[in-house]
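Reading the structure
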Amino acid sequence: QVTLRESGPALVKPTQTLTLTCTFSGFSLKTYGMRVNWIRQPPGKALEWLARIDWDDDKYYNTSLKTRLTISKATSKNQVVLTMTNMDPVDTGTYYCARALHPQNYLGPWGPGTLVTVSS
Amino acid sequence: QSVLTQPPSASETPGQRVTISCSGSNSNIGSNTVHWFQQLPGTAPKVLMYNNNQRPSGVPDRFSGSKSGTSASLAISGLQSEDEADYCCAAWDDSLNGYVFGTGTKVTVL
C-alpha cells in the first residue's frame, strides 16, 4: 500500500524559510518511473503545483516560484524535502505531496496535507 | 503558473447526470493526458480519473472522462449525495514544464 505524509512547521514568520518533509512508504524513489510532487492549496482556492523530483533526480519547478524553491530526496529514508525561502502571508495554505507514475501518467496517491500559516 | 478553466459550480438532482468542463491550451490538454480529482471538504484530493478516461480501482463507473483537442470533461451519471464535492482537472504543461490545475468546480446534489 502506497502512503505519503507531509510534516513541517504549522506556523512560520514572514521572510523565514519553510522546510517540509514528505515521508512515503510502499514504493522507492530509486525505482524507474517514480516521481514525487509538491502541490499547495491556499484556503478556499485552487490547487497550485510547486515542484517535482524524479527517480533519476531530475527536478522541475513552478516557473513563478522557481527562485524560492528547492526539492531534494533522501532515498534511503524514503523522504522528499521541499524548502521555500522568503515566506509571505500569501503562501499560507495546505501543502500536499503526491506520487506520480511514469509512463502511466498517474498522479496519486496524495498525502493528507499539512497546513502552513505565515504570520508574524 | 497558468490554470485550466472550469465552471465554478454545477448542480443536479439525485439520479441525474452532471458534466464538468475543463478548458486548456495546446501546451497542456492539447499535448498531454488529463487527470481528474475529487476533493471532499477538509480532505486531500483523490484520483478520480487519469489518462483522460481511466478510472483507478474503486472508482465507480458512474464517473467517466473524455478529452477533445484542448478541452476535457468529467461526467457523473446517476448522481448520488456522496458525490457532493469539489472536482478539479490537471494536466502537464510542456511550455511551463509543470502541472497546471483547474479552477475547481463545486458539485451540489439538490
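Structure shown above.
All of the points below concern the structure found in this document. (Residues numbered from 1 in each chain as written. Chains lettered and ligands numbered in written order. Predicted model: local features only at pLDDT ≥ 70, side-chain atom pairs only at ≥ 80, totals over all residues. Heavy atoms only, no water.)

1. Topic: the overall build of chain A
Counting its secondary structure elements, chain A contains zero helices and eleven strands. Along its sequence from the N terminus, chain A presents helices and strands in the succession β-β-β-β-β-β-β-β-β-β-β. A compact globule built from 120 residues would reach a C-alpha radius of gyration of about 14 Å, and chain A, at 14 Å, matches this within 12%. The dimensions of chain A, computed from C-alpha atoms along their principal axes, are 40 × 25 × 25 Å. Considering only intrachain contacts with a sequence separation of at least 6, the fraction spanning at least 24 residues in chain A is 53%. About 5400 Å² of surface is accessible on chain A, with carbon and sulfur atoms providing 49% of the total. Side-chain charges in chain A split into 13 positive and 8 negative, and the spacing between the mean points of these groups amounts to 4 Å. (Helix = DSSP H or I, 4+ residues; strand = E, 2+ residues; numbered from the N terminus. Rg over C-alpha atoms; globule rule 2.2 N^0.38 Å. Contact = heavy atoms within 4.5 Å. Areas by Shrake-Rupley, 256 points an atom, 1.4 Å probe, with all protein chains shown as cover. Lys, Arg positive; Asp, Glu negative; His and termini not counted. Charge placed at Lys NZ, Arg CZ, Asp CG, Glu CD.)

2. Remarks on the sheet that holds strand β6 (residues 71-76) of chain B
Residue and element names in this part refer to chain B. As summarised here, the arrangement of the three strands in space is β2-β6-β5, forming an open sheet in which the pairing is antiparallel. Here the strands that pair on one side only, and so sit at the sheet edges, are β2 (18-23) and β5 (63-68). When the angles between neighbouring strand axes are averaged without regard to direction, this sheet yields 20°. (Pairing = 2+ DSSP bridges. Axes fitted to C-alpha atoms, helices over the stretch in contact; angles between N-to-C directions.)

3. Some thoughts on the interface of chain B and chain A
Frequently, the measure chosen for interface size is the accessible area removed from exposure when the parts meet. The partner chain A presents 23 residues to the 21 residues of chain B that form the contact. When chain B packs against chain A, close to 1800 Å² is buried across both sides, 63% of that on carbon and sulfur atoms. Between chain B and chain A we count zero salt bridges in total. There are five residue pairs in polar contact (both at pLDDT 80 or more) connecting chain B and chain A. Sorting the residues of the side of chain B that touches chain A by element identifies β3 (34-39), β7 (85-93) and β8 (98-101) of chain B as the ones contributing at least two each. Here the residues of the side of chain B that touches chain A are counted per class, giving eleven nonpolar, ten polar and no charged. (Buried area = accessible area lost by both parts, 1.4 Å probe. Salt bridge = Lys/Arg side-chain N within 4 Å of Asp/Glu carboxyl O. Polar contact = N/O pair within 3.5 Å; in protein donor to acceptor, adjacent residues only side chain to side chain. Nonpolar A, V, L, I, M, F, W, Y, C, P; charged D, E, K, R; others polar.)

4. Some points on the environment of K46(B)
Residue and element names in this part refer to chain B. Looking at the element boundaries, K46 is found in strand β4 (residues 46-49). As for K46 and Y87, which are separated by 41 residues in sequence, their C-alpha atoms are 9.5 Å apart. Sequence-distant contacts of K46, defined by excluding residues within four places in its chain, comprise W36, F37, Q38 and V59.

5. A look at the state of the cysteines
Residues and elements named next belong to chain B. Applying the stated criterion across every chain yields a total of two disulfides over all chains. With its sulfur 2.0 Å from that of its partner, C22 forms a disulfide with C89. One quick way to see it: the torsion about the S-S bond of C22 and C89 is about 80°, and its sign makes the bridge right-handed. One end of the pair, C22, is in strand β2; the other, C89, is in strand β7, and 67 residues separate them in sequence. By the burial criterion, C22 is buried, and C89 matches it. Here C88 is not cross-linked by a disulfide; its sulfur's nearest cysteine counterpart is in C89, at 5.6 Å. (Disulfide = S-S within 2.5 Å. Buried < 20%, exposed > 50% of the residue type's maximum accessible area, 1.4 Å probe, protein only.)

6. Re the pattern of salt bridges
Counted by the stated rule, this structure contains eight salt bridges over all chains. Salt-bridge contacts for R52(A) lead to D54(A); the nearest nitrogen and oxygen are separated by 2.8 Å. When the shortest N-O distance is used, the salt bridge between D83(B) and R62(B) registers 2.7 Å. Here the residue D83(B) occupies a position in the loop between β6 and β7, and R62(B) occupies one in the loop between β4 and β5, the gap between them amounting to 21 residues. Considered together, D83(B) and R62(B) belong to a single accessibility category, that of buried residues.

7. Some thoughts on unusual backbone geometry
The omega torsion across H102(A) and P103(A) is 10°, close enough to zero to call that bond cis. Among the structural elements, P103(A) can be located in the loop between β9 (93-101) and β10 (106-110). The residue T15(A) is not glycine, and still its phi comes out positive at about 80°. With respect to the helices, strands and loops of the structure, T15(A) is situated in the loop between β2 (11-12) and β3 (18-25). One non-glycine residue, N97(B), adopts positive backbone phi at about 55°. Along the chain, the position of N97(B) falls in the loop between β7 and β8.

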